[in-house]
Amino acid sequence: VTLPTTSGAPATGDLRGTVHLEESDRSSLITSLLHLEDRLEGSVDATGSFHFQGRKWSGQAKLEARNLRYADLRAERASLQVRVGEEGIVEIDDVDVRTLGGRITGAAEIAAEKGRRVEATAHAEGLSLQDLLATLGLSSPLVGSASADGVGAGSTDGVAGPKR
């Protein structure tokens with residue numbers, strides 16, 4: 001971190017780090033930070049870097065999680081890459097979630113400013129049909145696996161922030 005030495009000069013810096021969090025009923029940092037209604041359980045490892053120069057900033061991180069549980073949703077493993085550029089675009093790539101006996105992969109691009117574009121893609125394969133329906137609250141004797149592809153686009157108009 002470099003602090004300004006002259007009036008009007010911006011502070012600049014590069015920060016790098018790694019964090020390991022165990023989320024449970026004894027420690028609920030992520031649940032609190034994200035203002036989640038239900039408690040999150042599991043462990044999360046994040047490694048990343050952050051660069052700033054005055055009000056301009058960018059960063060990137062890799063997140064890996066294990067044994068996640070949120071309400072009725074569970075994942076054995078999850079990972080993703082996140083990048084935020086100076087233009088305020090959040091890119092989420094290499095999403096890989098192992099859940100419901102199968103795998104969900106995807107990516108998203110989210111503009112941080114109101115009224116900007118949001119795009120997301122997802123692919124699910126080998127999900128247990130019975131587990132999927134049970135997660136949705138539907139009791140069913142059906143067995144087998146489910147696969148799906150999805151693409152979504154929209155804008156950040158009217159998108160509300162987390163509940164406070």
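As shown above, the structure is provided for reference.
Values in this document were obtained by computation on a predicted structure and should not be read as measured data. (Residues numbered from 1 in each chain as written. Predicted model: local features only at pLDDT ≥ 70, side-chain atom pairs only at ≥ 80, totals over all residues. Heavy atoms only, no water.)

For the packing of aromatic side chains, give the residues involved together with the corresponding values.
In total, this model carries 2 aromatic pairs according to the counting rule given. Considering the side-chain rings of Phe 50 and Phe 52, the 5.9 Å spacing of their centres and the 35° angle between planes classify their relative orientation as tilted. Consider the rings of Phe 50 and Trp 57, whose centres lie 5.7 Å apart with planes at 35°: the pair is tilted. Exposure remark for Trp 57: the relative accessible area of 39% places this residue in the partly exposed category. Three or more aromatic residues joined by ring pairs make a cluster, and in this case those are Phe 50, Phe 52 and Trp 57. (Phe/Tyr/Trp six-rings, centres within 6.5 Å; stacked < 30°, edge-to-face > 60°. Buried < 20%, exposed > 50% of the residue type's maximum accessible area, 1.4 Å probe, protein only.)

For the pairing of strand β2 (residues 40-53), give the residues involved together with the corresponding values.
Relative to β2, strand β1 (residues 12-23) is paired through 12 bridges, and the arrangement is antiparallel. Bridged to Glu 23 within β2 is Gly 42. In the sheet, β2 pairs with strand β3 (residues 56-70) via 13 bridges, with the strands oriented antiparallel. Bridged to Gly 48 within β3 is Ala 61. (Pairing = 2+ DSSP bridges. Helix = DSSP H or I, 4+ residues; strand = E, 2+ residues; numbered from the N terminus.)

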